[in-house]
Amino acid sequence: MDQGHVARHLALLTCATLTTFCAPRVAREWQPDPTPPPEVAGDLNHASLVAYGRSLRFETEIYATDQQDLTIGSRRERALAGWGRIEPQVGAHLLTLEQLAEGRIVARIIYHGDGTYEKLGVRPGTNWVYIRWKGQPDRPIRWHWDDFDSDSARAGDWEALIVNERDSQMVVKEMKPGYKSFRDPARQRGVGDRENPWPLPRARFVDDPDDAKAWIACQTFGCCCIGGGSCHHE
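Fair warning: this is a prediction, and the values are worked out from it, not measured in the lab.

Draft legend 1. Inspection of helix 2 (residues 46-55) at higher detail. Three or more residues of helix 2 are buried, namely His46, Leu49, Val50, Tyr52 and Gly53. Projected down its long axis, helix 2 shows its buried positions confined to an angular sector of 160 degrees, all on one face. When the buried face of helix 2 is taken as reference, the exposed residues oriented beyond 90 degrees from it are Ala47, Arg54 and Ser55. Taken together, the buried residues of helix 2 touch strand 3 (104-113), strand 4 (125-133) and strand 5 (158-164). Measuring from the backbone nitrogen of Ala47 back to the side-chain oxygen at the start of helix 2 gives 3.1 Å, which picks out Asn45 as the cap.

See below:
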């Protein structure tokens, strides 16, 4: 391996280690469309969702994905449960609120471990994350989450189905919507959310033993979070 290859390899390793965001060095040769819906609308059986997941393209570049050891226990007594990798669907960050509410797979999580990792509902192998709106039909679709605002999204309004490639029992997890924040190093301008859309797909784990979660850029200004605790992207 020549010195140029070594330097590039070390640069990638340094970027992955020191920051959770690593912008690509070259422009995309193609631009994705928003995540398409399943071919059979409303059909949520295991086989159809697996087929839907396998039909989609997922981002694998280092700037967009995350891989970590996933732990259980407490802050004082942590134990390794397994290893996970999360990859966003290439067009999930371009979805409108209405498209997401219809139901979309926004990411896949590849999990290596024994049994179910309960915090995220994933099991060994490939797991697709399907998000949909489950609020009352007579209520408008809401995104912002505020325990003190009666007009905001409520517990149970948004749902994540975790669909494993082999286990036909789908796991239901609550999804809490969040926004991009001013702490996002990838922001292009300003501090706003709707005025500051995601430039590229993103997905991350937050492996806190008391508050483990995964978040995915799942519409133009927001992120979908599964797991515990607050879900504003940081």
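This is not the end of the story, as more comes after the structure.
Draft legend 2. Geometry of the pairing of strand 4. Most of strand 4 is tucked away, with 9 of its 9 residues classed as buried. Inspection of the sheet shows strand 3 paired to strand 4 by 7 bridges, in the antiparallel sense. Bridge pairing in strand 4 links Ile110 to Thr126. Where strand 4 meets strand 5, 7 bridges bridge the pair, whose relative direction is antiparallel. The residue bridging Arg132 from the neighbouring strand is Glu159, located in strand 5.

Draft legend 3. How the structure looks around the sheet that holds strand 6 (residues 171-179). The strand order across the open sheet formed by 9 strands is 1-2-3-4-5-6-9-8-7, and the pairing between neighbours is antiparallel. The sheet is open, and its two edges are formed by strand 1 (66-73) and strand 7 (203-206), each paired on a single side. Averaged over neighbouring strand pairs, the angle between their axes works out to 30 degrees when direction is ignored. Across 8 bridges, strand 1 lies against strand 2 (residues 78-88) in antiparallel orientation. Paired with Asp69 across the two strands is Trp83, which belongs to strand 2. Contacting strand 3, strand 4 and strand 5, helix 2 runs over the sheet at an angle of about 85 degrees to strand 5.

Draft legend 4. Structural detail: the pattern of salt bridges. Across all of its chains, the model carries 6 salt bridges by this definition. Put simply, Glu87 and Arg85 hold a salt bridge, and the shortest N to O gap is 2.6 Å. Both residues of the pair, Glu87 and Arg85, belong to the buried class. In the salt-bridge network here, residues are joined through shared partners; they are Arg85, Glu87 and Arg108.

Draft legend 5. Seen up close, the nonpolar core. The biggest cluster of nonpolar side chains holds 32 residues, and the ones touching the most others in it are Leu100, Val106, Val129, Ile131, Trp143 and Trp158. Counting only elements with at least two residues in this core, the list comes to helix 3 (97-102), strand 3, strand 4, strand 5, strand 6, strand 7, strand 8 (213-217) and strand 9 (222-227). By residue number, the principal contributor to this core is strand 3, which donates 4 residues. Apart from the residues within four sequence positions on either side, Val106 is in contact with Pro88, Gln89, Ala92, Leu95, Leu100, Val129, Ile131, Ile216 and Cys218. Leu49, Tyr52, Phe58 and Tyr130 belong to the second-largest nonpolar core, a separate cluster that totals 10 residues.

Draft legend 6. Summary view of the environment of Gln89. Among the structural elements, Gln89 can be located in the loop between strand 2 and helix 3. Gln89 gets classed as buried once you look at its relative accessible area, which sits at 3%. A C-alpha to C-alpha distance of 9.8 Å links Gln89 and Trp128, two positions 39 residues apart in sequence. In this structure the side chain of Gln89 is engaged in a polar contact, spanning 2.7 Å, whose partner is the backbone nitrogen of Gly91.

Rules behind the numbers
Residues numbered from 1 in each chain as written. Predicted model: local features only at pLDDT ≥ 70, side-chain atom pairs only at ≥ 80, totals over all residues. Heavy atoms only, no water. Buried < 20%, exposed > 50% of the residue type's maximum accessible area, 1.4 Å probe, protein only. Helix = DSSP H or I, 4+ residues; strand = E, 2+ residues; numbered from the N terminus. Arc of directions from axis to C-beta. Contact = heavy atoms within 4.5 Å. Polar contact = N/O pair within 3.5 Å; in protein donor to acceptor, adjacent residues only side chain to side chain. Pairing = 2+ DSSP bridges. Axes fitted to C-alpha atoms, helices over the stretch in contact; angles between N-to-C directions. Salt bridge = Lys/Arg side-chain N within 4 Å of Asp/Glu carboxyl O. Core = buried A, V, L, I, M, F, W, Y, C linked by side-chain atoms within 4.5 Å.

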